[in-house]
Structures are given as structure tokens and as C-alpha cells.
Amino acid sequence: MKTIKLFISIVFLFSAIFCQAQAKENKSKEGVYFVVEEMPVYPGGDEALRKDLAANIKYPEEAKKAGIQGKVYVTFVVDEQGKVTDAKIARGVDPSLDKESLRVIKELKTWNPGKEKGKAVKVSYTLPINYALDGKPGEKE
């Protein structure tokens, strides 16, 4: 059986990249910020986030058998209490990988919320989760 490696690369992409029309404002109509003075922080920082994702992701068997790999981009909101809400697939690879990515993101610990002018606010985040199988170079994009 193949040894499976799951490479999790965390790159914080601000939704402003995807929302050029809102470049003049850092807040949406729904009160969700894209960039704030103090961005939300996962307990233990980026390294702890990577470890928690890697420890909790289970590569779906159907994707393994089919040799499906790729990078799933998940967008979510860290609310004023630090809870992860409104998780959605921004760019998917395969329904099984997309579903697993959403499951793991929804189970993340409570973050330290983002702040604007000293007040906790909702902040949008996009995280890529990279799925790779041993012996299978490249990704399905």
C-alpha cells in the first residue's frame, strides 16, 4: 500500500485578493473585515494551525484510490468570539477532498479574534490545504 503524505501549506490569503471591487474598503456590507489592525491568531500560531490540520485530516479513500491530489482553498470567518463560521470552498479539487477540508476547518479550536480599533470584529480568511500522495508528482488543479 502506498505511503500517503499530506503536505499542509498554510498561506494566509486575504479576501481582498479575490475581491478587487472592495479594495477601497476593508469591510463588507455584512460587517466582515478582510484586513484589520490585529488579525485573528490561532492558539499557538501558524505552526500549531499546521499541526492541527495535519493531525485531523483523513485523506478520503476514494480520492486515494483515484490518485486525486490538489490544493483546496477554504474561506471562512473568524467571528468576534474567535469561532470559525461560514466555511465555504473558494476553489475545490474533488468533492471528497472539499468535504474533508470543510470538516477539518469547522473543527478548529477557538481563535484569538481579530481587532479593529481595539474592538473584536469578524475577519474573513482563506486557507489552502494541499493534498498529495507519495509517488504522484504534481497536482490536479
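Remember, it's a predicted structure, so these values are computed and weren't measured experimentally. (Residues numbered from 1 in each chain as written. Predicted model: local features only at pLDDT ≥ 70, side-chain atom pairs only at ≥ 80, totals over all residues. Heavy atoms only, no water.)

1. A few points about unusual backbone geometry
For clarity, the threshold we go by: To qualify as a helix, a DSSP run of H or I must reach at least 4 residues; to qualify as a strand, a run of E must reach at least 2; elements of each kind are numbered from the N terminus.
A positive phi angle, close to 50°, is found at Asp86, a residue other than glycine. Assignment of secondary structure puts Asp86 in strand 4 (residues 84–91). One non-glycine residue, Lys117, lies in the positive phi region at around 55°. By the element assignment, Lys117 lies in the loop between strand 5 (114–116) and strand 6 (119–133).

2. A closer look at the nonpolar core
How we decide: Definition used in this section: a nonpolar core is a set of buried Ala, Val, Leu, Ile, Met, Phe, Trp, Tyr and Cys residues joined via side-chain atoms within 4.5 Å. For every residue, the accessible area obtained with a 1.4 Å probe (protein chains only) is divided by the maximum for its type, and the residue is called buried under 20%, exposed over 50%, and partly exposed between those limits. Throughout, a contact is declared for two residues whenever any of their heavy atoms are within 4.5 Å.
Counting residues in each nonpolar core, the largest one holds 30 residues, and the members touching the most others are Val74, Phe76, Leu97, Ile105, Leu108 and Trp111. The dominant element in this core, judged by the number of residues it contributes, is strand 6, at 7 residues. Residues within four places of Leu97 in sequence aside, it is in contact with Tyr59, Pro60, Ala63, Ile68, Gln69, Val72 and Tyr131.

3. Comments concerning the packing of aromatic side chains
This is how it is decided: Aromatic pairing here means that ring centres of Phe, Tyr or Trp (its six-membered ring) are within 6.5 Å. Orientation follows from the plane angle: under 30 degrees is stacked, over 60 is edge-to-face, and everything else is tilted.
Applying the stated criterion across every chain, the model contains 5 aromatic pairs. Relative to Tyr131, the ring of Tyr59 has its centre 5.4 Å away and its plane inclined at 90°; by these criteria the two rings are edge-to-face. Here Tyr131 lies in strand 6 and Tyr59 lies in the loop between helix 1 (45–56) and helix 2 (61–66), a separation of 72 residues in the sequence. Judged by its relative accessible area of 9%, Tyr59 is buried. Each ring, one from Phe76 and one from Tyr125, has its centre 6.0 Å from the other, and the planes form 15°; the classification is stacked. Placement of the pair is Phe76 in strand 3 (residues 70–78) and Tyr125 in strand 6, with a sequence separation of 49 residues.

4. Quick notes on the pairing of strand 3
Filter applied, for reference: Strands qualify as paired when DSSP identifies two bridges or more between them.
Of all 9 residues that make up strand 3, 7 are buried, and the element is covered over most of its length. Summarising the sheet, strand 3 and strand 6 pair through 9 bridges and their orientation is antiparallel. Its bridge partner lying in strand 6, Val78 is registered against Val123. Pairing analysis gives 5 bridges linking strand 3 to strand 4, with the strands arranged antiparallel. Counterpart to Val74 in the pairing with strand 4 is Ile89.

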